[in-house]
Amino acid sequence: GRRVHRLLRPLPLFDGVLGHDDEGPFDDGFVVSQAAGTAVFEAGQPARALYVVVQGRVRLQVGPGAAIRTVATLERGDTVGLAALLLDDLYPLTATAADDAVLVGLPAETIRRTIERHPVVAARLIGDMGAKLARIIRELGGAAPRTARARVARMLLELNRTLTDDGADLCYDEPKRKIAARL
């Protein structure tokens, strides 16, 4: 409980929901540490928890074996698994740690209880899900620019969220073949 609260408290999603005491709405939450390249959950598994990324990055992936494709990369504060969890369904995608990551898992009943008691969290979760969907649609080409040059420029800007002030140093941790496959 205490560690879960400490990890979630600074995230905008839970602003005003978690106090500074040791008890709160997420006492049954759990912390998951994932090594780079390992799955948080696999597509087709029953959705048992909403996961919140608190450190590192997590890739949402679709496809079998060598044909696997990254459709989104999640960072600190992003959530994964909400729709499947609320529908008592299966996770539709595989979530894999892009680098060493720490996530907090919040069971279904905890999320339902929190949404009832704190409607602002429901609104924030909907906003988070909508933003993630928009990113996935862009990644899949739904709103992609028509020329190859424009698609490359957009992807490089999206991959590099930590531009330096002068914009001169660009560094990507994804292999060229993965960048090319996403284009």
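Okay, so let's go over this structure. (Residues numbered from 1 in each chain as written. Predicted model: local features only at pLDDT ≥ 70, side-chain atom pairs only at ≥ 80, totals over all residues. Heavy atoms only, no water.)

1. With respect to the overall build of the chain
Then, number 1: From N to C terminus, the chain includes 6 helices and 8 strands.
Then, number 2: For the chain, the sequential pattern of α-helices and β-strands runs α-β-β-β-β-β-β-α-β-β-α-α-α-α.
Then, number 3: When burial is assessed residue by residue, the chain has 39% of its 183 residues classed as buried.
Then, number 4: In the form shown here, the chain has an accessible surface area of approximately 10200 Å², with 55% of it arising from carbon and sulfur atoms. (Helix = DSSP H or I, 4+ residues; strand = E, 2+ residues; numbered from the N terminus. Buried < 20%, exposed > 50% of the residue type's maximum accessible area, 1.4 Å probe, protein only. Areas by Shrake-Rupley, 256 points an atom, 1.4 Å probe, with all protein chains shown as cover.)

2. Some thoughts on helix H3 (residues 108–117)
An α-helical turn contains 3.6 residues, so a residue and the one three or four places further along point in the same direction.
Then, number 1: Of all the positions in H3, only Ala108, Thr110, Ile111 and Thr114 are classed as buried. With its buried residues spanning 160 degrees around the axis, H3 presents them on a single face. Facing away from the buried surface of H3 by more than 90 degrees, the exposed residues are Glu116 and Arg117. (Arc of directions from axis to C-beta.)

3. Concerning the pattern of salt bridges
Then, number 1: This model, assessed by the stated rule, comprises 3 salt bridges.
Then, number 2: The residue aspartate 99 makes a salt bridge to arginine 57 at a minimum N-O spacing of 3.1 Å. Remark: arginine 57 occurs in the loop between strand S3 (49–55) and strand S4 (58–62) and aspartate 99 occurs in the loop between strand S7 (94–97) and strand S8 (101–107); sequence separation between them is 42 residues.
Then, number 3: For aspartate 99, a relative accessible area of 25% puts it in the partly exposed group.
Then, number 4: Arginine 57 gets classed as buried once you look at its relative accessible area, which sits at 17%. (Salt bridge = Lys/Arg side-chain N within 4 Å of Asp/Glu carboxyl O.)

4. Let's talk about the sheet that holds S8
Then, number 1: The strand order across the open sheet formed by 4 strands is S1-S8-S3-S6, and the pairing between neighbours is antiparallel. Looking along the sheet, the strands with just one partner apiece sit at the ends: strand S1 (30–34) and strand S6 (79–80).
Then, number 2: Across 2 bridges, S3 lies against S6 in antiparallel orientation. Paired with valine 52 across the two strands is threonine 79, which belongs to S6.
Then, number 3: Here H3 sits on the sheet and contacts S3 and S8; the angle it forms with S8, its principal contact strand, is near 75 degrees. (Pairing = 2+ DSSP bridges. Contact = heavy atoms within 4.5 Å. Axes fitted to C-alpha atoms, helices over the stretch in contact; angles between N-to-C directions.)

5. Examining the pairing of S8
Then, number 1: Counting buried positions along S8 yields 7 of 7 residues, so the element is predominantly enclosed.
Then, number 2: Along S8, one buried face is formed by Ala101, Leu103, Gly105 and Pro107 and the opposite face, lined by Val102, Val104 and Leu106, is buried too.
Then, number 3: Pairing between S1 and S8: 5 bridges, direction antiparallel. When the sheet's bridge partners are listed, serine 33 is paired in S8 with valine 102.
Then, number 4: Two elements, S3 and S8, share 6 bridges in a ladder whose sense is antiparallel. Within S8, the residue paired with alanine 49 across the bridge is proline 107.

6. Some thoughts on the side chain of glutamine 34
Then, number 1: Here glutamine 34 lies in strand S1.
Then, number 2: What makes glutamine 34 buried here is its relative accessible area of 14%.
Then, number 3: Among the polar contacts made by the side chain of glutamine 34, one reaches the main-chain carbonyl oxygen of alanine 39 at a distance of 3.1 Å. (Polar contact = N/O pair within 3.5 Å; in protein donor to acceptor, adjacent residues only side chain to side chain.)

7. Side note on the nonpolar core
Then, number 1: Membership of the largest hydrophobic core comes to 41 residues, with the highest contact counts inside it found for Leu8, Phe14, Tyr51, Val54, Leu60 and Leu106.
Then, number 2: Sort the elements by how many residues they give to this core and S3 lands first, with 6 residues. (Core = buried A, V, L, I, M, F, W, Y, C linked by side-chain atoms within 4.5 Å.)

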